[in-house]
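Each chain is listed here by its residues.
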Amino acid sequence: MHFGRDWQQRFFAQLDAIMDTDEWDESDEVITETAFTTLLRVLLILRGKRRPGLGVGPNGSIVAAWTNGPNRLTLECRSNDEVRWIILQIVDGKSDTAAGQTTLSHLLQR
C-alpha cells in the first residue's frame, strides 16, 4: 500500500532469499517477528524509493543497508523498536564513521 508493486515484489524476493532454509546453517537464528516489525516501521518512517539490502543479524535481528557510492547506512533492526545504526561517509576524501543505538521514535533525530 505504501510502496509500489515492483518495490514490494523485489523486497519480498529479498526476504525469501535470506529466509531460504537450504541456505541456513543449524546455528543460524531465525529473524524474530518483532525485529521484522521494527524493519517495517523503519521503512515506513524513511519512505525511501530505494530498497535496502537485507541480511540476518545476531539474536534474530534483521540488517538493512543502503549505499550511495562509497557512503553507507546500515541499520540493525532489533525487537521492540530498538535500532543500532552505523554510518560511513566520505568527507574530504577520508572515511568518517559514526555508530549508535536508539529507539525507532528517535532514529531520524540521530
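I will try to describe carefully the structure that is included in this document. It should be emphasised that the depicted structure is a prediction, and the values quoted were computed from it without experimental measurement.

The rules behind these values
- Residues numbered from 1 in each chain as written.
- Predicted model: local features only at pLDDT ≥ 70, side-chain atom pairs only at ≥ 80, totals over all residues.
- Heavy atoms only, no water.
- Patch = residues over 30% accessible without salt bridge, like charges linked within 9 Å, V, L, I, M, F, W, Y side chains within 5 Å.
- Areas by Shrake-Rupley, 256 points an atom, 1.4 Å probe, with all protein chains shown as cover.
- Salt bridge = Lys/Arg side-chain N within 4 Å of Asp/Glu carboxyl O.
- Lys, Arg positive; Asp, Glu negative; His and termini not counted.
- Charge placed at Lys NZ, Arg CZ, Asp CG, Glu CD.
- Helix = DSSP H or I, 4+ residues; strand = E, 2+ residues; numbered from the N terminus.
- Core = buried A, V, L, I, M, F, W, Y, C linked by side-chain atoms within 4.5 Å.
- Buried < 20%, exposed > 50% of the residue type's maximum accessible area, 1.4 Å probe, protein only.
- Contact = heavy atoms within 4.5 Å.
- Pairing = 2+ DSSP bridges.
- Axes fitted to C-alpha atoms, helices over the stretch in contact; angles between N-to-C directions.
- Parallel < 35°, antiparallel > 145°, perpendicular 65-115°, else oblique.
- Left-handed = near helix turned anticlockwise from the far one by under 90°.

**Concerning a negative patch on the surface**
Consideration 1: Taken together, the side chains of Asp-25, Glu-26, Asp-28 and Glu-29 present a region of like negative charge at the surface.
Consideration 2: Within the secondary structure, Asp-25 sits in the loop between helix 1 (5-18) and helix 2 (33-46).

**Quick look at the nonpolar core**
Consideration 1: Core analysis: the biggest nonpolar cluster contains 20 residues, and Leu-39 and Val-42 have the highest contact counts within it.
Consideration 2: Elements supplying a minimum of two residues to this core: helix 1, helix 2, strand 2 (62-68), strand 3 (71-77) and strand 4 (82-91).
Consideration 3: Once you skip the residues sitting within four places of it in the chain, Leu-39 turns out to touch Phe-11, Leu-54, Ile-62, Ala-64 and Cys-77.

**Notes on the sheet that holds strand 5 (residues 94-103)**
Consideration 1: Pairing within the open sheet is antiparallel, and its 5 strands lie in the order 1-2-3-4-5. Of all strands in the sheet, those bounded by a partner on one side alone are strand 1 (53-56) and strand 5. Averaged over neighbouring strand pairs, the angle between their axes works out to 15° when direction is ignored.
Consideration 2: Contacts from helix 1 reach strand 1 and strand 2, with the element oriented near 25° to strand 1.

**A few points about unusual backbone geometry**
Consideration 1: We note that Asn-59 has phi near 55°; this positive angle belongs to a residue other than glycine.
Consideration 2: If you trace the backbone, Asn-59 turns up in the loop between strand 1 and strand 2.
Consideration 3: A positive phi angle, close to 60°, is found at Asp-81, a residue other than glycine.
Consideration 4: Here Asp-81 shows up in the loop between strand 3 and strand 4.

**A few points about the packing of helix 1 against helix 2**
Consideration 1: Contact pair helix 1 / helix 2: the axes reach a minimum separation of 14 Å and the direction vectors enclose 150°. It follows that helix 1 is roughly antiparallel to helix 2 by the angle criterion. As helix 1 packs across helix 2, the resulting crossing turns out to be right-handed. Taken together, the residues of helix 2 that come into contact with helix 1 (itself represented by Trp-7, Phe-11 and Leu-15) are Phe-36, Leu-39, Leu-40 and Leu-43.

**Some points on the pattern of salt bridges**
Consideration 1: Summed over all chains, the structure comprises 3 salt bridges.
Consideration 2: In this structure, the salt-bridge partner of Asp-81 is Arg-41, at a minimum N-O distance of 2.9 Å. Of this pair, Asp-81 sits in the loop between strand 3 and strand 4 while Arg-41 sits in helix 2, placing them 40 residues apart in sequence.
Consideration 3: For Arg-41, a relative accessible area of 41% puts it in the partly exposed group.
Consideration 4: One salt bridge connects Arg-78 with Glu-76, and the closest N-O pair in it is separated by 3.2 Å.
Consideration 5: For Arg-78, a relative accessible area of 25% translates into the label partly exposed.

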